[in-house]
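Chain residues, written in single-letter form:
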Amino acid sequence: MKRVIAKIAQELGVKRDEAELIAATLLERPRFEFYLNHKLCPENELRLWLKLILLKNGVPIEYVTKRIQFREYNLVIYPGVFIPRLETEYFIELINQRVELKPQRILEIGTGCGAIAIALARIYKHAEIVATDISNRALDNARINIERFGLKTRVELIHSDLFENIDTRFDLIVSNPPYVPSNRLFSLPKSVRDFEPLRAINGGKDGTVFIQSLVEQGMSYLNSNGTIALEIDELSVNPLKTFFRKRKQTVSFVQDQFGRYRYLFTKKG
């Protein structure tokens, strides 16, 4: 096993401890087992090298393993479905802290693998949740995760472009929308640019096209005192301030765990 770990470190240009973590993830085995069992059967070693080739070609490790850890949830993730990040885990904490009244009805726009909907279902145990996506592949992915955690009766999945197939009101509308400005797409890491769905990333000219549409339309789908909570790009704060000023609408911009402005909260009066 030492030989395998050394080879991974060399091929990927990482340190030994990182190579051990990668091997543990790819083999779906606890890291400590490498010290108890020094051999890897030929079949597992071949499987490991095939996965390693995918990693070397830039495929995200989440797509290779078809698994992602999001908060306390081990989720299935389909290749081609947007991979949730640490900032979205923190987003869940902020929603719990900043939404004063416990929402009874929640709408998530662009659910992807269902991570946000599942996490909010745990926090708001009596809430009904509607989760939408324009991608059928994403909805199939979300359905698997929602069923795995016994939430089929509480989370309804709907194929919808924004509010196209929505006809009721909600106390909370939440989304991690496309927010990367178009002129920065080329600078994204290869693993994102070449493998993740650009439709879930491309936010248009200044990263706010989708956000503005979501806010403009979303107010009509909010109950009184309802909240819209969104992830944003930190460089979009000034354009968004101008947008909300023109609408004469109050908005709060909130930093993530790394000190970057990453979220906005706005309410319906």
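The structure displayed is predicted, hence computed values, not measured ones.

### Digging into the overall build of the protein
- Assigned secondary structure in the protein consists of 11 helices and 9 strands.
- For the protein, the C-alpha radius of gyration of 20 Å lies close to 18 Å, the compact-globule estimate for 269 residues.
- In terms of principal-axis extent, the alpha carbons of the protein reach across some 65 × 40 × 30 Å.
- Here the protein, with 269 residues, has 48% of them falling under the buried criterion.
- Of the roughly 13,700 Å² of accessible surface on the protein, a fraction of 51% belongs to carbon and sulfur atoms.
- In the protein, 40 side chains carry a positive charge and 32 a negative one; their mean positions are 2 Å apart.

### Topic: the nonpolar core
- Counting residues in each nonpolar core, the largest one holds 54 residues, and the members touching the most others are Ile8, Leu75, Ile95, Ile106, Leu120, Val174 and Phe265.
- Ranked by residues supplied to this core, first place goes to helix H7 (residues 115-123) with 7 residues.
- Setting aside anything within four residues of it in sequence, one finds leucine 120 in contact with Ile92, Ile95, Ile106, Ile129 and Val174.
- In terms of nonpolar packing, the next biggest core, distinct from the first, is built from 29 residues, Phe163, Ile173, Val180 and Ile232 among them.

### Details of the packing of helix H6 (residues 86-98) against H7
- Two numbers describe how H6 lies on H7: the axes approach to 11 Å, and their chain directions differ by 35 degrees. Considering only the axes of H6 and H7, their crossing is right-handed. Of H7, the residues touching H6 (which contributes Thr88, Ile92, Ile95 and Asn96) are Ile116, Ala119, Leu120 and Ile123.
- A breakdown of the residues in the contact of H6 with H7 according to their chemical character gives 6 nonpolar, 2 polar and no charged.

Conventions we followed
Residues numbered from 1 in each chain as written. Predicted model: local features only at pLDDT ≥ 70, side-chain atom pairs only at ≥ 80, totals over all residues. Heavy atoms only, no water. Helix = DSSP H or I, 4+ residues; strand = E, 2+ residues; numbered from the N terminus. Rg over C-alpha atoms; globule rule 2.2 N^0.38 Å. Buried < 20%, exposed > 50% of the residue type's maximum accessible area, 1.4 Å probe, protein only. Areas by Shrake-Rupley, 256 points an atom, 1.4 Å probe, with all protein chains shown as cover. Lys, Arg positive; Asp, Glu negative; His and termini not counted. Charge placed at Lys NZ, Arg CZ, Asp CG, Glu CD. Core = buried A, V, L, I, M, F, W, Y, C linked by side-chain atoms within 4.5 Å. Contact = heavy atoms within 4.5 Å. Axes fitted to C-alpha atoms, helices over the stretch in contact; angles between N-to-C directions. Left-handed = near helix turned anticlockwise from the far one by under 90°. Nonpolar A, V, L, I, M, F, W, Y, C, P; charged D, E, K, R; others polar.

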